[in-house]
Amino acid sequence: MQTAMMMFILKSKMNPGDKRFLIDSWIPTITGSIPHGLKIFEIGTGIGNVTESIAKFSQRIRTFEIDKELYEIASSRLAKYPNVQVYHDDAFNNVPEVDELVFSDLPFSQSRRFIDWIAENTVNEAYVVVQREFYEKMITRMGTRKYGAVSVITQFLFYIKKIIDLPASAYNPRPAVSAVYLNIKRSRECIFSKKEIITIRNFMSNKSSKSKVEGKRVFQLKPEEVIEQVGIHAC
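The rules we used
- Residues numbered from 1 in each chain as written.
- Predicted model: local features only at pLDDT ≥ 70, side-chain atom pairs only at ≥ 80, totals over all residues.
- Heavy atoms only, no water.
- Buried < 20%, exposed > 50% of the residue type's maximum accessible area, 1.4 Å probe, protein only.
- Helix = DSSP H or I, 4+ residues; strand = E, 2+ residues; numbered from the N terminus.
- Pairing = 2+ DSSP bridges.
- Right-handed = clockwise from strand over helix to strand, strands pointing away.

Moving on to the pairing of strand β3 (residues 60-64). Burial analysis of β3 places five of its five residues in the buried class, which makes it a mostly covered element. Of the two faces of β3, both are covered, the one formed by Arg-60, Arg-62 and Phe-64 as well as the one formed by Ile-61 and Thr-63. Note that strand β2 (residues 39-43) and β3 share five bridges and pair parallel. Across the sheet, Lys-39 pairs through a bridge with Arg-60, a residue of β3. Once the chain exits β2 it traverses helix α3 (residues 49-55) before rejoining the sheet at β3, and the crossover so formed is right-handed. The sheet contact formed by β3 and strand β4 (residues 84-87) spans four bridges and is parallel. In the strand pairing of β4, Arg-62 is matched with Gln-85.

Only one face of β4 is covered, namely the one carrying Val-84 and Val-86; the face carrying Gln-85 and Tyr-87 has none of its residues buried. For the segment spanning β3, helix α4 (residues 68-78) and β4, crossover handedness is right-handed.

Worth remembering: the numbers are spatial, not functional.
Below, the structure written as structure tokens:
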């Protein structure tokens with residue numbers, strides 16, 4: 001399996017931050033926080049080493065891998081687990097079931113897409129790895145220059161809990177940046193449409209412009225004030 005992984009790395013045209021695989025010694029650290037006996041929706045099967053660990057204590061896993069070569073490697077590895085269904089497909093084109101917990105050691109380039117996807121779907125809980133820089137955008141407070149659409153969407157809809165920092169040495173090959181493992185829980189019983197997410201992004205792209213709230217610039221608005229300003233009333 002290590003040979004197959006290294007061959008894939010050498011041939012892959014993936015972004016450098018995405019061409020990484022969690023080394024086996026770190027797998028218990030990641031999977032140990034996931035509740036047992038649940039249905040899992042996994043984004044990015046990779047070579048299947050993390051999926052295999054989760055399969056041993058989960059009711060069922062639906063796992064999606066967009067890369068054909070990785071899909072074939074993982075399918076072979078996971079064939080002995082009847083509770084695992086491996087799909088050669090883009091997970092973001094699929095809808096999770098309400099009772100499925102989402103898990104992903106997310107490719108760094110897909111972090112924003114992940115936030116949009118869980119905002120658009122009824123994802124009640126997720127365990128996900130993101131790049132540290134992106135995590136900082138998720139949690140940064142209003143009034144700072146890092147505060148943006150990601151901050152607003154994340155903080156308005158979800159509770160974010162950092163489980164552990166993941167050093168570059170947790171991966172093979174080592175990425176140039178570190179990562180953070182998170183638990184995300186929905187805090188509001190509402191979802192955003194794609195159009196509403198685009199509206200939020202457009203509004204937050206002009207951070208220094210004046211808002212309709214007296215004395216406040218856009219980047220000084222609370223997430224709730226941003227949602228009100230852009231006219232989203234479903235929540």
